[in-house]
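One letter stands for each residue in the lines below.
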Amino acid sequence: MPARNNTATLPGTAGGGSRLRWPFRRLLLKGAGDGQAESGLKRAHFKEWRLPFWLLAPQLFILLLFFFIPSIRALIQAFQLTDPFGATTQWVGFQNFERLFRSGVYWSSAQVTLIFTLAQNVLTLSVALLLAFASNHILRGRGAYRTVLLLPYAIAPAIAGIMLAFLFNPRVGPVAQMLQGLGLDWDPNRNSWHALALVVMAASWKHICYNYIFLVAALMSVPQSILESAYLDGAGPVQRFLRISLPMITPTLFFLIVINFVYGLFETFAIIDATTRGGPAGATSILVYKVYQDGFVTLDLGSSAAQSVVLMALALFLTFAQFRFVERRVNYSV
Amino acid sequence: MNERTPVIDAVCHLILLVGAALVCLPIYFVFVTGSLSQAEIMQVPMSWLPGDQFLANMQTVLSSANFGRLLLNSFIIASGITIGKLAVSVIAAFAVTYFRFPFRMTAFWLIFMSLMLPIEVRIVPTYESAANVALPLNILGSWLGIQALVGLDWNLVNTYSGLILPLIASATATFLFRQFFLTIPDELCEAARIDGATPWQFFRLILLPLSRSNIVALAIILFLMGWNQYLWPLLLTTEPAMANAVIGLKKLMPQSDSLPTWHLLMNAAFLTMLPPTLVILVLQRWFVKGLVDSGK
């Protein structure tokens with residue numbers, strides 16, 4: 001996946017006042033040093049334009065070819081209608097969008113996406129919180145647990161999907177056989193809720209480790225002095241976690257919620273395509289999958305471009321939300 | 001704090017053990033299934049212990065599915081993305097933080113904007129751009145009426161550069177290096193200039209050695225990302241021999257009307273996830289640092 005990024009270091013690290021900032025104002029306008037004339041420029045710098053031009057040229061050239069031109073063309077195509085053979089193109093204004101928003105299939109795909117991303121988000125974050133609390137509490141074996149829990153990060157989303165698809169395969173999968181033994185008529189190939197549960201589990205399995213790393217790092221940065229004074233006041237480990245640590249790491253929680261939405265919306269394509277292929281009957285056809293299908297399978301380019309634009313708007317919104325939430329430190333800073 | 005909480009300690013270990021089991025069991029079953037024969041996987045219930053067919057299955061996968069080539073492709077693509085992105089972005093970050101020149105902020109903003117739109121939301125036009133890199137020249141040519149430009153065609157489908165270049169086109173690494181450069185003391189650059197170092201010497205002799213740990217951490221993350229690519233290779237490879245290993249797995253997925261060869265799929269899946277898993281296990285310390293630093 002093209003890695004998306006937040007601005008800097010770990011958000012919500014208590015005491016890290018100079019970390020993540022609202023990028024469009026402070027982060028860009030204020031560099032590391034103070035009293036700088038120009039933002040993000042070192043106080044000690046070189047005044048020259050030929051060398052930086054050549055240093056920037058490769059990046060800007062690649063971005064022009066594979067980022068700016070495609071993005072602008074996606075915008076243009078959203079207002080055009082092209083026949084599947086690419087012979088004629090005409091401007092149609094907002095027709096593609098009207099058609100899209102009137103289409104029941106699109107709204108059901110949006111609904112599936114909403115359920116999928118919400119379920120994935122809740123499952124991922126709550127399991128990661130539980131694991132982070134546990135590994136923050138214990139003293140022995142932390143490193144060993146962490147090593148194992150991080151493994152899914154190395155594994156491709158498609159493989160995570162294939163693994164779970166096998167375990168839950170009604171004909172050969174060991175877990176599916178156990179479920180059937182319990183009397184559940186498990187079949188993700190026919191039952192749409194079972195299919196959705198399968199992709200949610202695969203998506204979470206792959207992403208819990210990411211949440212876990214950030215939560216552990218955030219929990220470690222909660223000031224020991226506050227925890228100790230709570231201990232002296234008689235608060236137990238669970239109480240300290242719920243009343244002190246959790247409120248103090250809310251910026252990290254918000255950051256992870258946004259990241260999980262981004263992940264669920266855009267990066268789970270491989271899981272869907274490798275396991276259910278949007279089926280049965282569109283039950284797991286999330287928005288990104290539909291863009292792909294309309295663009296490359298049914299060749300409805302105008303509609304696919306309009307869908308791309310909707311997704312771009314969503315991506316932009318999430319990027320802003322990411323910085324917004326991180327900017328408003330939702331904790332009680334010390 | 002000297003606190004004794006035996007019950008909660010036990011519960012915490014239990015939670016972590018269950019978590020570790022949930023991570024390991026699917027991976028274990030991939031290995032077990034990959035080592036069974038066709039007859040053994042059809043049994044109900046399936047064996048929970050590994051069989052003796054792992055090497056035999058591996059040979060089938062490597063020869064009949066051409067998986068050796070696909071693993072090599074994965075390696076080339078992942079290395080290409082890692083090296084390409086690191087090289088391009090470290091010099092770009094150097095340019096925007098250490099030089100004052102006209103349109104510096106414009107350049108920075110252009111790079112920064114690419115953080116906002118993942119490739120998934122613009123797949124069709126990005127594909128068209130890769131299918132003919134000369135497309136902008138074609139359009140320019142038809143506007144200006146220059147026939148020589150209209151006919152240009154440079155197709156990257158089924159090529160390594162087509163699989164690598166569009167994935168380099170994102171500014172995550174540039175941004176990370178910029179953040180890091182801003183924390184480097186100004187005195188270093190001043191001292192270098194007093195000693196008469198050229199910008200390039202400063203970059204090569206001071207900045208690069210200082211960035212070593214960041215480069216290693218980022219390289220691990222980029223390598224994993226490159227190895228696990230799915231959507232882009234799926235679109236850009238029509239020729240089976242140019243696909244990467246993850247895409248190869250999709251083709252091995254048993255279809256409902258054929259013999260369910262799950263053992264071959266799982267064997268191939270195990271081979272595919274082995275290199276990135278080893279990378280994470282061996283370089284864990286670096287990797288965690290990089291992940292937390294870059295937010296990805």
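Residues numbered from 1 in each chain as written. Chains lettered and ligands numbered in written order. Predicted model: local features only at pLDDT ≥ 70, side-chain atom pairs only at ≥ 80, totals over all residues.

### Quick look at the overall build of chain B
The cut-off we apply is this: To qualify as a helix, a DSSP run of H or I must reach at least 4 residues; to qualify as a strand, a run of E must reach at least 2; elements of each kind are numbered from the N terminus. Radius of gyration here is computed from C-alpha atoms only, and the compact-globule reference equals 2.2 Å multiplied by the residue count raised to the power 0.38. We call two residues in contact when their backbone-placed C-beta atoms lie within 7 Å.
A count of helices and strands for chain B gives 17 helices and 1 strand. Whereas a compact globule of 296 residues would reach a radius of gyration of roughly 19 Å, chain B reaches 25 Å, over 25% beyond that. Its C-alpha atoms give chain B principal-axis dimensions of roughly 75 × 70 × 30 Å. Counted over contacts in chain B with a minimum sequence separation of 6, partners at least 24 positions apart contribute 69%.

### Examining the overall build of chain A
The criterion, for reference: The burial label depends on the number of other C-beta atoms within 10 Å of a residue's C-beta. Counts of 20 or more mean buried, 12 or fewer mean exposed, and intermediate counts mean partly exposed, with C-beta atoms placed from the backbone.
Of the regular secondary structure elements, chain A holds 14 helices and 3 strands. Out of the 334 residues belonging to chain A, those deemed buried represent 49%. At a minimum sequence separation of 6, the contacts of chain A that also span at least 24 residues come to 69%.

### With respect to the UniProt feature "domain: ABC transmembrane type-1" (unreviewed entry) in chain A
Note the cut-off: UniProt positions are given in the numbering used here, feature names are shortened, and annotations may be inferred rather than shown by experiment.
Residues annotated by UniProt as "domain: ABC transmembrane type-1" (unreviewed entry) correspond here to residues 110-322 of chain A. The span residues 110-322 of chain A is 77% helix and 0% strand, and its two end C-alpha atoms sit 21 Å from each other.

### Regarding the nonpolar core
Just so we agree on the cut-off: Only buried Ala, Val, Leu, Ile, Met, Phe, Trp, Tyr and Cys residues enter a nonpolar core, and they are joined through C-beta atoms within 7 Å. Just so you know, the domain bounds were taken from an automatic or database domain assignment.
Judged by nonpolar contacts, the single largest core of 184 residues is most densely connected at Ala158, Ile159, Ile162, Leu164, Tyr212 and Val288 of chain A together with Ala269 of chain B. A total of 18 residues in this core trace back to one element, the largest contributor, which is helix 8 (residues 192-220) of chain A. Each of domain 1 (23-77) and domain 2 (100-327) of chain A accounts for three or more of the residues forming this core. Those residues in contact with Val288 of chain A, other than ones at most four positions away along the chain, are Leu265, Phe266, Phe269 and Leu311 of chain A together with Glu120 of chain B.

### Comments concerning the interface of chain B and chain A
Note the threshold: All residues other than Ala, Val, Leu, Ile, Met, Phe, Trp, Tyr, Cys, Pro, Asp, Glu, Lys and Arg, Gly among them, are scored as polar; the first ten of these are nonpolar and the last four charged. At least two bridges found by DSSP between two strands is the condition for calling them paired.
In this assembly, 103 residues from chain B lie in contact with 95 residues from chain A. Among the elements that take part in the side of chain B that touches chain A, helix 1 (residues 6-34) of chain B stands out by supplying 15 residues, more than any other. When its residues are assigned to classes, the side of chain B that touches chain A shows 71 nonpolar, 20 polar and 12 charged. Here strand 1 (residues 46-47) of chain A runs beside strand 1 (residues 99-100) of chain B; their pairing, made up of 2 bridges, is parallel. The residue of strand 1 of chain B that forms the bridge with Phe46 of chain A is Phe99 of chain B.

### Focus on the packing of helix 1 of chain B against helix 16 (residues 262-282) of chain B
All names here are of chain B. The condition that has to hold: Axis definition: a line fitted to C-alpha atoms, limited for helices to the stretch in contact. Angles are taken between N-to-C directions and run from 0 to 180 degrees. Angles are sorted into four bins: roughly parallel if under 35 degrees, roughly antiparallel if over 145, roughly perpendicular if 65 to 115, and oblique for all others. Should the near helix be turned anticlockwise from the far one by less than a right angle, the crossing is termed left-handed; should it be turned clockwise, right-handed.
Following both chains from N to C, one finds helix 1 and helix 16 inclined at 125 degrees, their axes separated by 7 Å at the closest point. Taken together, helix 1 and helix 16 sit at an angle that is classed as oblique. As for how helix 1 packs across helix 16, the hand of that crossing is left-handed. Between helix 1 and helix 16, the residues in contact are Val30, Phe31, Thr33 and Gly34 and Trp262, His263, Met266, Asn267, Ala269 and Phe270, respectively. Split into classes, the residues belonging to the contact of helix 1 with helix 16 amount to 6 nonpolar, 4 polar and no charged.

### Focus: the domain arrangement of chain A
Residues and elements named next belong to chain A. According to the domain assignment, chain A consists of domain 1 (23-77) and domain 2 (100-327). Just the C-alpha atoms count here: the centres of domain 1 and domain 2 sit 33 Å apart. Of the residues lining the interface, 4 residues belong to domain 1; the matching set on domain 2 comes to 6 residues. When the residues that make up the side of domain 1 that touches domain 2 are grouped by side-chain class, the tally is 3 nonpolar, 1 polar and no charged.

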